[in-house]
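Close look at the chain arrangement
The primary structure of each chain is shown beneath.
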Amino acid sequence: MTTSALPEPVAGFIGHVNAHDETAFLDAFTPEGVVDDWGRVFTGREEIKTWSDKEFIGAGGILTVESVESDGSRVTVIGDWRSSHANGRARFIFEIDGDKLESMTIRKV
């Protein structure tokens, strides 16, 4: 599946991730954006950056989208994540606030 099947801002976000564009990745979140990575919660730009430097953008991650489900401001993506930190299928749940991401939750499929 291509990211063109994804609603914005999730499509752009995944494009930024796969391009390893840290600035655009961080700018995709609201100022108080949240990443919940398997129960570990990172809030705000600095915490998200610190996490991402080791486990997401900094790990050279690539997300291959397998399926998408949208329900209002919630978009759920099932995808295959490959990086130098972790690999495997996961569920990415995005909460959208306007043209920004309010949160991204990563869980087991």
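Residues numbered from 1 in each chain as written. Predicted model: local features only at pLDDT ≥ 70, side-chain atom pairs only at ≥ 80, totals over all residues. Heavy atoms only, no water.

Quick notes on the overall build of the protein
Condition: Here a helix means four or more residues in a row that DSSP labels H or I, a strand means two or more in a row labelled E, and each is numbered from the N terminus. Each radius of gyration is computed over the set of C-alpha atoms, and the globule rule expresses the reference value as 2.2 Å times the number of residues to the power 0.38. Burial classes: relative accessible area under 20% of the type maximum marks a residue as buried, over 50% as exposed, and values in between as partly exposed (1.4 Å probe, protein chains only).
On a plain count of helices and strands, the protein comes out with three helices and six strands. On C-alpha atoms alone, the protein measures out to a radius of gyration of 12 Å, which is about the 13 Å that the 2.2 N^0.38 rule sets for 109 residues. For the protein, the spread of C-alpha atoms along the three principal axes comes to 30 × 30 × 25 Å. Taking all 109 residues of the protein together, the buried fraction comes to 46%.

Digging into the pattern of salt bridges
What counts is decided by this rule: Salt-bridge detection follows one rule: a side-chain nitrogen of Lys or Arg within 4 Å of a carboxyl oxygen of Asp or Glu.
The tally for this structure, following the rule as stated, stands at nine salt bridges. Residue Glu-22 is joined to Lys-49 by a salt bridge in which the shortest nitrogen-to-oxygen separation is 3.3 Å. Remark: Lys-49 occurs in helix α3 (residues 44-55) and Glu-22 occurs in helix α2 (residues 22-27); sequence separation between them is 27 residues. Taking the relative accessible area as the measure of exposure, Lys-49 reaches 25% and is therefore partly exposed. The closest approach of N and O atoms between Asp-80 and Arg-82, which form a salt bridge, is 3.0 Å. Counted as one network, the salt bridges with shared partners bring together Glu-22, Lys-49 and Asp-53.

Description of unusual backbone geometry
Trans peptide bonds make up the majority, and among non-glycine residues the majority have a negative phi. The peptide bond linking Glu-8 to Pro-9 adopts the cis configuration, its omega dihedral lying at 5°. Along the chain, the position of Pro-9 falls in the segment before α1 (10-18). The backbone phi angle of His-20 is positive, close to 60°, even though this residue is not glycine. By secondary structure assignment, the location of His-20 is in the loop between α1 and α2. Here His-20 falls in the partly exposed class, since its relative accessible area comes to 35%. Of note in the backbone geometry, Trp-38 takes a positive phi value of approximately 55° without being a glycine.

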